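# Descriptive structure summary
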Amino acid sequence: MTFEAKTSGSDDLKAVISAISTLVEEATFEATPEGITFRGMDPSHVALIDISWPNSAFEKYECDSDIKFGVRIDEFSKLIKRAEKKDNIEISIAESMLLVTVGKNKKYKMRLIESSATDTPLPKIPYDAKIVLSSSKFDKTLGDVGVVSDYLTIHMSDSKADFSGKGDSGEVTIDLDKNDESTKEISSKAECTGTYSLEYLNPVIKAVGSTANEVTCEFSSSKPLRIEFKVANIGRIHFYLAPRVES
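What counts and what doesn't
- Residues numbered from 1 in each chain as written.
- Predicted model: local features only at pLDDT ≥ 70, side-chain atom pairs only at ≥ 80, totals over all residues.
- Heavy atoms only, no water.
- Helix = DSSP H or I, 4+ residues; strand = E, 2+ residues; numbered from the N terminus.
- Rg over C-alpha atoms; globule rule 2.2 N^0.38 Å.
- Contact = heavy atoms within 4.5 Å.
- Lys, Arg positive; Asp, Glu negative; His and termini not counted.
- Charge placed at Lys NZ, Arg CZ, Asp CG, Glu CD.
- Core = buried A, V, L, I, M, F, W, Y, C linked by side-chain atoms within 4.5 Å.
- Buried < 20%, exposed > 50% of the residue type's maximum accessible area, 1.4 Å probe, protein only.
- Salt bridge = Lys/Arg side-chain N within 4 Å of Asp/Glu carboxyl O.
- Pairing = 2+ DSSP bridges.
- Axes fitted to C-alpha atoms, helices over the stretch in contact; angles between N-to-C directions.
- Disulfide = S-S within 2.5 Å.
- Polar contact = N/O pair within 3.5 Å; in protein donor to acceptor, adjacent residues only side chain to side chain.

## Focus on the overall build of the protein chain
Check the secondary structure of the protein chain and you find 4 helices and 18 strands. At 19 Å, the protein chain has a C-alpha radius of gyration in line with the 18 Å of a compact globule built from 247 residues. Projected onto its principal axes, the C-alpha positions of the protein chain cover 55 × 35 × 35 Å. For the protein chain, restricting intrachain contacts to residue pairs at least 6 apart in sequence, the fraction spanning at least 24 positions comes to 66%. One way to put it: in the protein chain the 31 positive side-chain charges average out to a point 4 Å from where the 40 negative ones average out.

The structure is reproduced here in structure tokens:
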């Protein structure tokens with residue numbers, strides 16, 4: 001069994017591990033000759049993250065067979081955070097241990113855990129609405145809504161979109177301007193509205209947003225929200241969040 005993956009710089013791996021840590025305490029990765037993947041759902045089954053990291057994204061990548069390895073994500077995160085921005089991070093497996101080399105001179109060994117992963121199918125949803133905007137714009141909008149509400153409501157009609165929130169202290173509505181350079185696309189096949197928890201949204205946006213240039217939000221009324229992050233050195237990060245069910 002041969003498995004070795006080396007990043008160029010540490011920011012992307014930090015973002016990935018930070019995003020995963022917002023949902024689960026233990027993570028099972030799957031390495032194949034094509035690259036590394038992770039898919040996991042939070043214990044309450046409200047949010048799901050799906051990550052595909054192709055071999056071409058690594059400075060060096062070797063894997064001659066399919067391998068699953070499990071780690072405690074908070075322990076893994078502590079090691080990764082010791083890296084400076086320019087430090088390469090190299091991971092490999094030997095004798096039930098994950099070997100992590102940070103930069104040129106820091107070498108960690110971390111005990112692997114029993115893989116507890118179950119196959120998590122992705123939601124198959126025909127989405128009616130799509131919004132593409134810069135990650136910084138989305139992060140700022142979530143902050144604006146979070147001042148008055150714990151939930152973000154997205155509304156689309158006739159290719160017009162707005163984000164809103166309502167709470168005990170008041171409410172806010174933010175209209176998206178198609179002519180704003182931070183808004184890349186607003187399109188819809190039908191009028192739709194979805195309400196989603198900022199408790200789940202905010203940590204993931206904070207984790208990945210700094211490395212992502214833009215985010216794509218797709219949703220339909222009363223259906224899960226799907227967010228795709230465009231990160232230069234990572235193939236795909238999809239985040240799914242179930243809508244709030246009005247009681």
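Let's pick the thread back up.
## Quick word on the nonpolar core
Among the nonpolar cores identified, the biggest contains 72 residues, and Phe3, Phe29, Phe76 and Phe229 are the most heavily contacted of them. Sorting elements by how many residues they give to this core places helix α4 (residues 198–209) first, with 6 residues. Beyond its immediate sequence surroundings of up to four residues, Phe76 is in contact with Ile17, Phe29, Val71, Ile91, Leu98, Val100 and Met110.

## Overview of the pattern of salt bridges
One pass over the structure, following the stated rule, counts 11 salt bridges. When the shortest N-O distance is used, the salt bridge between Arg39 and Asp50 registers 3.0 Å. Taken together, the positions of Arg39 in strand β3 (residues 35–41) and Asp50 in strand β4 (residues 47–54) put the pair 11 residues apart, joining distant regions of the chain. Residue classification places Arg39 among the partly exposed residues on the basis of a relative accessible area of 35%. With a shortest N-O distance of 3.6 Å, Glu214 and Lys230 are connected by a salt bridge. Here Lys230 lies in strand β17 (residues 225–231) and Glu214 lies in strand β16 (residues 212–219), a separation of 16 residues in the sequence.

## Some points on the sheet that holds strand β14 (residues 183–188)
Spatially, β6-β2-β3-β4-β18-β17-β16-β10-β14 is the arrangement adopted by the 9 strands of the open sheet, whose pairing is antiparallel. In this open sheet, the two edge strands, each paired with only one partner strand, are β6 (67–72) and β14. In this sheet, neighbouring strand axes are inclined to one another by 15° on average, regardless of whether the strands run parallel or antiparallel. Bridging between strand β2 (residues 26–32) and β6 involves 6 bridges; their strand directions are antiparallel. In the strand pairing of β6, Phe29 is matched with Phe69.

## Describing the state of the cysteines
Under the criterion given, the structure shown has 0 disulfides. In this structure Cys192 is not part of a disulfide, and its nearest cysteine sulfur, from Cys217, lies 12 Å away.

## Let's talk about the pairing of strand β5 (residues 60–63)
Here β5 shows a clear split, with Tyr61 and Cys63 buried on one side and none of Lys60 and Glu62 buried on the other. Direction of pairing for strand β1 (residues 3–6) relative to β5: antiparallel, over a ladder of 4 bridges. Paired with Ala5 across the two strands is Tyr61, which belongs to β5.

## Some words on α4
Those residues of α4 lying buried are Leu198, Leu201, Val204, Ile205, Ala207, Val208 and Gly209. The N-cap of α4, judged by a side-chain oxygen 3.1 Å from the amide nitrogen of Glu199 a few residues on, is Ser197.

## With respect to the environment of Val24
Note that Val24 resides in the loop between α1 (11–21) and β2. On the accessibility criterion, Val24 (15% relative accessible area) is buried. Not counting chain neighbours up to four residues away, the residues in contact with Val24 comprise Phe38, Met41 and Ile73.

## Details of the environment of Leu152
With respect to the secondary-structure elements, Leu152 resides in strand β11 (residues 151–157). Remark: the alpha-carbon pair of Leu152 and Ile125, spanning 27 residues in sequence, is separated by 20 Å. Those residues in contact with Leu152 that sit more than four places away from it in its chain are Phe138, Leu142, Val145, Phe163, Ser164, Gly194, Thr195, Tyr196, Leu198 and Leu201.

## A short note on the side chain of Ser197
Mapped onto the secondary structure, Ser197 falls in strand β15 (residues 192–197). Polar side-chain contacts of Ser197 include one of 3.1 Å to the backbone nitrogen of Glu199.

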